[in-house]
Amino acid sequence: MAKAVKTIGVLTSGGDAPGMNAAIRAVVRTAIHEGLKVKGIMRGYAGLLQEEIVDMGSTSVSDIIHRGGTILYTARCMEFMTPEGQAQGAEICRKHGIDGIVVIGGDGSFRGAGKLAALGINTIGVPGTIDLDVACSDYTIGFDTSVNTAMVAIDKVRDTSTSHERCSIIEVMGRKAGYIALWCGFANGAEDVLLPERYDGDEQALINRIIDNRKRGKKHNIIINAEGIGHSASMARRIEAATGIETRATILGHMQRGGTPTCKDRVYASIMGAKAALLLAAGKSNRVIAYRRGEYMDLDIQEALSMKKDIPEDQYEIEKMLVR
């Protein structure tokens, strides 16, 4: 039997991502439309344990859809990974009259959501991470903005790399996932793309391609290196020593987390946030909103967490054909 819900909370957890504010706005306004009260939980699970909980209304989410980051702030919380911390979190929810929570974040955030659901707090997850590494969903909030930010930055590095006839290694974010790197490889026309899921560590083959490219008359060489491989600065030194070509490393870093969300991130985040609130209004729990094969759906959290994700092999093979 569906559990009646009168008051819901919303929090953002883990790394911030452009579009999170659009999701928060959609959760709040949809819940109010359904006759529910809404409380914002500041700084993720850490804020829950510290009882940093505020009332939210329709006007509290005005003029935020265009802003990057998250108005609720975010943090990582080791304490909430323990059974004691999880039990405390559930009790704090009850103390504040919170019957359900929308958790916007990645896999780690969803694990916490599953624990709260098991303790009687209706919980719905919304995938928010620039890394696109949530296996159950083809889309995660923030990826589109992040990859566009990286693309523009790499175009700028290419200009100066060409002017100085350099080799440039540009490191993009993504943790252990190579989706940002792969997409930038396509979008920026890189000469090489190093993905954690595929790179075999053969640096000599990379050096040989750089030398061959220079012999063919190429005036620059752009290598996009995923964060999961890293060590871009030391790689640049080794390549310069082996090729005699000036080589610079550029680490784009956290600029990829910020900035005005793209239209896609705003729209998808809004729909996902609204659907999460509607599930809570219907008394549902232990679900994750996902976008799969062109449709929005919800899945059991444990089922979602058990899924695996890899770089699409056809996309990887096409990318290899295009780099020259």
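For the structure itself, consult the block above.
Now for a description of the structure that goes with this document. (Residues numbered from 1 in each chain as written. Predicted model: local features only at pLDDT ≥ 70, side-chain atom pairs only at ≥ 80, totals over all residues. Heavy atoms only, no water.)

1. Side note on the side chain of Asn 286
Step number 1: Of note, Asn 286 is situated in the loop between α9 (263–281) and β10 (287–292).
Step number 2: For Asn 286, a relative accessible area of 15% puts it in the buried group.
Step number 3: For Asn 286, the side chain forms a polar contact with the side chain of Asp 300, separated by 3.0 Å.
Step number 4: Residues in contact with Asn 286, not counting those within four places in the same chain, are Gly 114, Ala 117, Thr 123, Leu 299, Asp 300, Ile 301 and Gln 302. (Helix = DSSP H or I, 4+ residues; strand = E, 2+ residues; numbered from the N terminus. Buried < 20%, exposed > 50% of the residue type's maximum accessible area, 1.4 Å probe, protein only. Polar contact = N/O pair within 3.5 Å; in protein donor to acceptor, adjacent residues only side chain to side chain. Contact = heavy atoms within 4.5 Å.)

2. Quick word on the sheet that holds strand β9 (residues 247–251)
Step number 1: Taken together, the 4 strands give an open sheet; going across it, the order is β7-β8-β6-β9, and neighbouring strands pair in parallel fashion. Because the sheet does not close on itself, it has two edges, and the strands there are β7 (192–194) and β9. Taken over all neighbouring pairs, the strand axes of this sheet differ in orientation by 15° on average, direction set aside.
Step number 2: By the bridge criterion, 6 bridges tie strand β6 (residues 167–172) to strand β8 (residues 221–226) in an arrangement that is parallel. Each bridged residue has a counterpart across the sheet, and for Ile 169 the counterpart in β8 is Ile 223.
Step number 3: Lying over the sheet, helix α8 (residues 232–243) contacts β6, β7, β8 and β9, oriented at roughly 170° with respect to β9. (Pairing = 2+ DSSP bridges. Axes fitted to C-alpha atoms, helices over the stretch in contact; angles between N-to-C directions.)

3. A word on the sheet that holds strand β4 (residues 100–105)
Step number 1: Strands sit in the order β3-β2-β1-β4-β5-β10-β11 across an open sheet of 7 strands; the sheet is mixed. Across the chains shown, the open sheet's two edge strands, defined by having one partner strand only, are β3 (53–56) and β11 (295–300). Between one strand axis and the next, the sheet turns by 25° as a mean value, whatever way the strands run.
Step number 2: Taken together, the 6 bridges between β4 and strand β5 (residues 122–127) define a ladder with parallel strand orientation. Within β5, the position partnered with Ile 104 by the bridge is Val 126.

4. Some details on helix α4 (residues 107–118)
The periodicity of an α-helix, 3.6 residues per turn, causes residues three or four places apart in sequence to face the same way.
Step number 1: The end-to-end C-alpha distance of α4, which contains 12 residues, comes to 17 Å, matching closely the 16 Å that a straight helix rising 1.5 Å per residue would cover.
Step number 2: Listed in full, the buried residues belonging to α4 are Ser 109, Phe 110, Gly 112, Ala 113, Gly 114, Leu 116 and Ala 117.
Step number 3: Buried residues in α4 make contact with α2 (44–49), α3 (83–95), β4, β5, β10 and α10 (301–306).
Step number 4: Gly 120 sits one or two positions beyond α4 and adopts a positive phi of about 95°. (Expected span 1.5 Å × (residues − 1).)

5. Here's the deal with the packing of aromatic side chains
Step number 1: Tallying each qualifying case throughout the model produces 6 aromatic pairs.
Step number 2: Summarising the aromatic geometry, the rings of Tyr 139 and Tyr 268 are spaced 4.6 Å apart at their centres and angled 65° between planes, so their arrangement reads as edge-to-face. With Tyr 139 in the loop between β5 and α5 (143–163) and Tyr 268 in helix α9, the pair connects residues that are 129 residues apart, well separated along the chain.
Step number 3: Exposure remark for Tyr 268: the relative accessible area of 17% places this residue in the buried category.
Step number 4: Site record: aromatic cluster; members linked through ring pairs are Tyr 139, Tyr 268, Tyr 291 and Tyr 296.
Step number 5: Over the aromatic face of Tyr 316 sits the side chain of Arg 198, whose NZ or CZ is 5.3 Å from the ring centroid. (Phe/Tyr/Trp six-rings, centres within 6.5 Å; stacked < 30°, edge-to-face > 60°. Lys NZ or Arg CZ within 6 Å of the ring centre and 35° of its normal.)

6. Some remarks on the environment of Ala 190
Step number 1: On the secondary structure map, Ala 190 appears in the loop between α6 (179–188) and β7.
Step number 2: Among the residues examined, Ala 190 registers a relative accessible area of 2% and is labelled buried.
Step number 3: When the C-alpha positions of Ala 190 and Ile 223 are compared, they lie 6.0 Å apart, and in sequence the two are 33 residues distant.
Step number 4: Dropping the residues within four chain positions of it, Ala 190 is found in contact with Arg 158, Gly 185, Ile 222, Ile 224 and Val 323.

7. Comments concerning unusual backbone geometry
Note: most peptide bonds trans; most residues except glycine with negative phi.
Step number 1: Positioned with a positive phi, Asp 63 is a non-glycine residue whose angle comes to about 55°.
Step number 2: On the secondary structure map, Asp 63 appears in the loop between β3 and α3.
Step number 3: On the accessibility criterion, Asp 63 (63% relative accessible area) is exposed.
Step number 4: The backbone phi angle of Glu 165 is positive, close to 55°, even though this residue is not glycine.
Step number 5: On the secondary structure map, Glu 165 appears in the loop between α5 and β6.

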